[in-house]
Every structure is written in C-alpha cells, then in structure tokens.
Amino acid sequence: MMRVPHAAALAAGLLLSSVPALAQLDGFTSMRARSIGPAGMSGRVTAICGLEANPSTLYVGTASGGLWLTHDDGLTWETLFDKERVASIGAVAIHPDRPQVVWVGTGEANPRNSASVGNGVYKSMDGGQTFEHLGLDRTEKIARVILHPEQPGTAWVAALGTTWGENPERGVYKTTNGGASWEQVLYLDERTGCADLVIDPSNPDRLVAAMWQHRRTPDFFTSGGPSSGLYVTDDGGAHWTKRTAADGLPSGELGRIGLAFCEGTPNVLYALVENEGENATLRSDNGG
C-alpha cells in the first residue's frame with residue numbers, strides 16, 4: 001500500500017495548523033537578524049612538526065584551517081597557508097639540516113564524513129613564507145611526507161587517495177629531484193592507500209608502509225580489507241615485501257595501522273593494528 005499520500009496529507013495538516021501560531025510572531029519583525037554560526041574554525045590538528053635544534057619552533061597543520069607557525073612555544077601563532085588553493089593539511093616535514101625547507105602534504109588523512117581534501121604537495125624554501133606546488137593533485141589526502149636525511153632532493157609521500165570512491169592516485173610516491181617529478185613506487189589497487197609511512201632512523205633506505213583499504217558511503221564506513229597490510233623496503237622503495245601473520249601480524253583482515261620507530265633504538269618499531277578479530281599494539285625488535 002502506498003504511504004506517500006498519507007504522509008503528504010499529514011505534512012499539509014501540520015503546516016496549516018501552524019499558521020495561527022506564526023501570525024502571533026509579528027513582534028519579531030522589528031528584530032535584526034544576526035549570525036549565530038557555524039563560526040569559521042581550523043578544525044582538528046592533523047600534523048605537528050618541530051625543529052630539534054630549536055624546540056620553541058613548531059609547525060602545526062589543521063584539518064581545514066591551513067598551516068600555523070610558532071617561534072615561542074605556542075604563545076603566539078602566525079598563519080602561513082592563506083594564499084594557497086586548499087586549507088586542509090595532512091602532513092608537515094622539515095629537513096633536519098635545512099630548517100627553512102618545509103614540505104606540506106595537503107588533505108586531512110582522517111577520512112571522516114566531514115574531512116576536507118587537498119591537492120597534492122607543497123614546498124617552502126623560506127620557512128613557510130611562500131610555497132611552491134609540486135603536483136600529486138589527485139591524491140586528495142596525504143598522510144605523511146618523509147624526507148631523506150642526507151639527500152635534500154629525495155622525499156617519499158604516503159597518499160591515502162579518495163574516501164568516497166576509487167582512484168589510482170594512491171600508495172607511496174617518491175621524488176629524487178625535489179618534487180619536480182614523482183614515481184609511484186608502491187601501488188596495490190584503486191581502493192587501497194597508504195595510511196602511514198616511517199623511515200628507519202639508522203638506515204634511510206629502509207621504510208615501512210601501512211597500506212589501508214577503506215571506503216566511506218553516506219551511511220557506512222568500511223575500514224580494512226584483503227589489501228590492507230604492512231610493506232617493507234630496504235632499497236628506498238624500489239622493491240617491497242609484505243609482512244603477514246607468519247611475521248607476527250594478526251591473522252585475518254587488517255584495517256588502519258599506525259607506525260613509529262624508536263629514535264634512540266632504531267631496530268625497535270611499534271605498530272598499532274586494527275584487526276577484524278582483535279586490535280593490537282605490536283613491537284618488532286628487528287626493524288619490522
């Protein structure tokens with residue numbers, strides 16, 4: 001039985017019954033309308049990067065409010081990204097030996113239903129005062145930018161890709177010429193992006209990538225799938241090896257994975273693993 005006519009009749013009846021009540025609100029016509037929000041805001045903090053030689057200086061990226069800089073431990077802040085085409089930041093990296101060189105990956109890499117998107121990678125040669133766009137426009141969300149500690153022109157980017165659909169512009173990208181060109185060095189499929197990427201502090205040719213299959217729809221979010229997992233390279237990204245349950249990872253389908261090397265003991269690597277059975281925090285004592 002069709003229910004639409006009954007719903008329409010009910011709505012019409014409610015509308016007509018409210019007319020006398022609305023007529024009693026004439027007194028409000030003398031009041032001036034004012035904005036009550038939503039107010040402009042930067043949203044979540046998505047990336048923080050500091051200078052080891054100057055701990056008072058911090059670059060902070062936000063979900064929808066650009067990039068911010070403090071030189072006094074956060075007492076005062078300067079906004080840096082107002083002139084660019086996007087305002088969503090996913091990653092920030094500063095070259096350890098050249099602190100004026102700042103790389104920014106745009107697009108928040110936390111795929112909420114309210115997450116903003118980016119348009120690739122930017123680089124500043126003057127501490128964030130001006131930026132150059134380096135491409136990777138269609139990656140949409142960048143989770144991490146890794147800089148080679150000894151080769152200023154070499155960098156890796158963890159591209160998460162689109163949230164609401166599929167695209168091939170995801171995975172791990174590498175440049176050896178300062179961002180003039182990029183090579184996609186790790187790609188699985190159009191549904192699986194790179195959610196995290198770390199570099200061995202003692203060996204810049206060794207990186208570990210957390211690949212994440214995910215998809216958001218208007219009423220549901222799917223985190224994980226058969227393509228999710230950990231991949232390790234010992235030659236700067238030319239070749240990758242997948243780690244499996246035989247190496248100590250949980251069995252079954254994996255979801256998002258967070259990674260961190262121990263700076264003082266580089267052979268120690270931690271992984272926070274989402275798993276269909278039971279989430280786990282894992283430790284490796286041989287660099288993964």
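Structural data are supplied above this passage.
Rules and cut-offs
Residues numbered from 1 in each chain as written. Predicted model: local features only at pLDDT ≥ 70, side-chain atom pairs only at ≥ 80, totals over all residues. Heavy atoms only, no water. Helix = DSSP H or I, 4+ residues; strand = E, 2+ residues; numbered from the N terminus. Buried < 20%, exposed > 50% of the residue type's maximum accessible area, 1.4 Å probe, protein only. Contact = heavy atoms within 4.5 Å. Phe/Tyr/Trp six-rings, centres within 6.5 Å; stacked < 30°, edge-to-face > 60°. Pairing = 2+ DSSP bridges. Axes fitted to C-alpha atoms, helices over the stretch in contact; angles between N-to-C directions. Patch = residues over 30% accessible without salt bridge, like charges linked within 9 Å, V, L, I, M, F, W, Y side chains within 5 Å. Areas by Shrake-Rupley, 256 points an atom, 1.4 Å probe, with all protein chains shown as cover. Salt bridge = Lys/Arg side-chain N within 4 Å of Asp/Glu carboxyl O. Lys, Arg positive; Asp, Glu negative; His and termini not counted. Charge placed at Lys NZ, Arg CZ, Asp CG, Glu CD. Polar contact = N/O pair within 3.5 Å; in protein donor to acceptor, adjacent residues only side chain to side chain.

Structural notes on the environment of Gly-105
Tracing the chain through its elements places Gly-105 in strand 6 (residues 98–106). Since its relative accessible area comes to 0%, Gly-105 is described here as buried. Each C-alpha atom, one on Gly-105 and one on Ile-89, is 6.3 Å from the other, the two residues being 16 residues apart in sequence. When near neighbours in sequence (up to four residues on either side) are disregarded, Gly-105 contacts Ile-89, Gly-90, Ala-91, Gly-120, Ile-142 and Val-145.

Concerning the packing of aromatic side chains
Counted according to the given criterion, the structure contains four aromatic pairs. With a centroid separation of 5.1 Å and an interplanar angle of 75°, the aromatic rings of Phe-81 and Tyr-122 are classed as edge-to-face. With Phe-81 in the loop between strand 4 (78–79) and strand 5 (89–95) and Tyr-122 in strand 7 (residues 121–124), this pair connects stretches of sequence that are 41 residues apart. The two residues Phe-81 and Tyr-122 agree in class, both being buried. Consider the rings of Trp-212 and Phe-221, whose centres lie 6.1 Å apart with planes at 75°: the pair is edge-to-face. The class for Phe-221 is partly exposed, based on a relative accessible area of 26%. One aromatic cluster in this structure is built from Phe-81, Tyr-122 and Phe-131.

Focus on the sheet that holds strand 12 (residues 183–186)
With antiparallel pairing, four strands are arranged side by side in an open sheet as 9-10-11-12. Two strands in the sheet have a free side with no partner beyond their single neighbour: strand 9 (142–147) and strand 12. Averaged over all pairs of adjacent strands, the angle between their axes in this sheet comes to 25°, without regard to strand direction. Pairing geometry for strand 9 and strand 10 (residues 155–159), over five bridges, is antiparallel. Paired with Ile-146 across the bridge in strand 10 is Trp-156.

A few points about unusual backbone geometry
Even without a glycine there, the phi angle at Leu-136 is positive, about 60°. Along the chain, Leu-136 falls in the loop between strand 8 (132–133) and strand 9. Of the residues examined, Leu-136 reaches a relative accessible area of 14% and is grouped as buried.

Topic: a negative patch on the surface
A contiguous patch of negative charge on the surface is contributed by Asp-97, Glu-150, Asp-205 and Asp-235. Take Asp-235: it is sitting in the loop between strand 16 (229–233) and strand 17 (241–243). Overall, Asp-235 belongs to the partly exposed group, its relative accessible area being 31%.

A word on the side chain of Thr-57
Assignment of secondary structure puts Thr-57 in strand 2 (residues 54–62). Classification of Thr-57 as buried rests on a relative accessible area of 2%. Polar contacts involving the side chain of Thr-57 include one to the side chain of Asn-54, which spans 2.9 Å. When neighbours within four sequence positions are excluded, Thr-57 is seen to be in contact with Cys-49, Gly-50, Leu-51, Leu-69, Thr-70 and His-71.

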